Amino acid sequence: QVRLVESGGGLVQPGESLTLSCTASGSIFRIYSMGWYRQAPGKEREFVARISSDGITTYKDSVKGRFTISRDNAKNTVYLQMKSLEPDDTAVYYCQMNMVGTDYWGQGTQVSASS
C-alpha cells in the first residue's frame with residue numbers, strides 16, 4: 001500500500017511565500033515522477049508542476065518563475081516552493097506520484113492567498 005502525505009499549506013497575503021512538501025511511504029520501489037496539481041472551488045483539477053526521476057521539471061505557464069519543484073529521492077519527498085502568491089493560486093493542492101505507470105494521490109492541502 002502506498003500513502004502520500006502533504007504538508008505546508010496555509011493562509012498568506014498576496015505576494016508572500018509558502019513551501020509544500022509531500023512524502024511517499026509504503027511499498028515504494030520505482031518512482032517515475034512526482035508532481036503537484038491543484039483544484040480551486042468550482043473548477044477542475046489542473047496540473048501545476050512535475051519533476052521526473054532524473055530531475056527534469058515542467059510547469060504550468062502561469063506559475064513559471066514563481067514556483068519551484070524539487071525532490072529528495074532518498075526521502076521519497078517532493079517539494080513545491082511558491083513565491084509571489086496570487087489570489088488565483090488559491091486552491092487545494094494535491095501531490096501526485098507515478099510509480100511504474102500507476103498514479104497515486106495525496107489527500108490535499110489548502111493554500112489561500114488573500115488580503
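Quantities reported herein were computed from a predicted structural model and do not represent experimental measurements.

Engineer: Tell me about the sheet that holds strand E8 (residues 77-82), and name the residues and values.
Structural biologist: Pairing is antiparallel in the open sheet, where 4 strands are placed in the order E1-E3-E8-E7. With partners counted over all chains shown, the strands left at the sheet margins are strand E1 (2-7) and strand E7 (67-72), one partner each. Across the sheet, the mean angle separating the axes of adjacent strands is 15° when strand polarity is ignored. Note: strand E3 (residues 18-26) against E8, 6 bridges, orientation antiparallel. In the strand pairing of E8, threonine 19 is matched with glutamine 81.

Engineer: So what's going on with the side chain of aspartate 89? Which residues, and what values?
Structural biologist: Residue position: aspartate 89 is located in the loop between E8 and strand E9 (91-99). Using a relative accessible area of 1% as the deciding quantity, one classes aspartate 89 as buried. Reaching out from aspartate 89, the side chain makes a polar contact with the side chain of arginine 66 at a distance of 2.8 Å. The contact partners of aspartate 89, leaving out residues within four places of it in the chain, are Arg38, Arg66, Phe67, Ser84 and Val111.

The rules behind each value
Residues numbered from 1 in each chain as written. Predicted model: local features only at pLDDT ≥ 70, side-chain atom pairs only at ≥ 80, totals over all residues. Heavy atoms only, no water. Pairing = 2+ DSSP bridges. Helix = DSSP H or I, 4+ residues; strand = E, 2+ residues; numbered from the N terminus. Axes fitted to C-alpha atoms, helices over the stretch in contact; angles between N-to-C directions. Buried < 20%, exposed > 50% of the residue type's maximum accessible area, 1.4 Å probe, protein only. Polar contact = N/O pair within 3.5 Å; in protein donor to acceptor, adjacent residues only side chain to side chain. Contact = heavy atoms within 4.5 Å.

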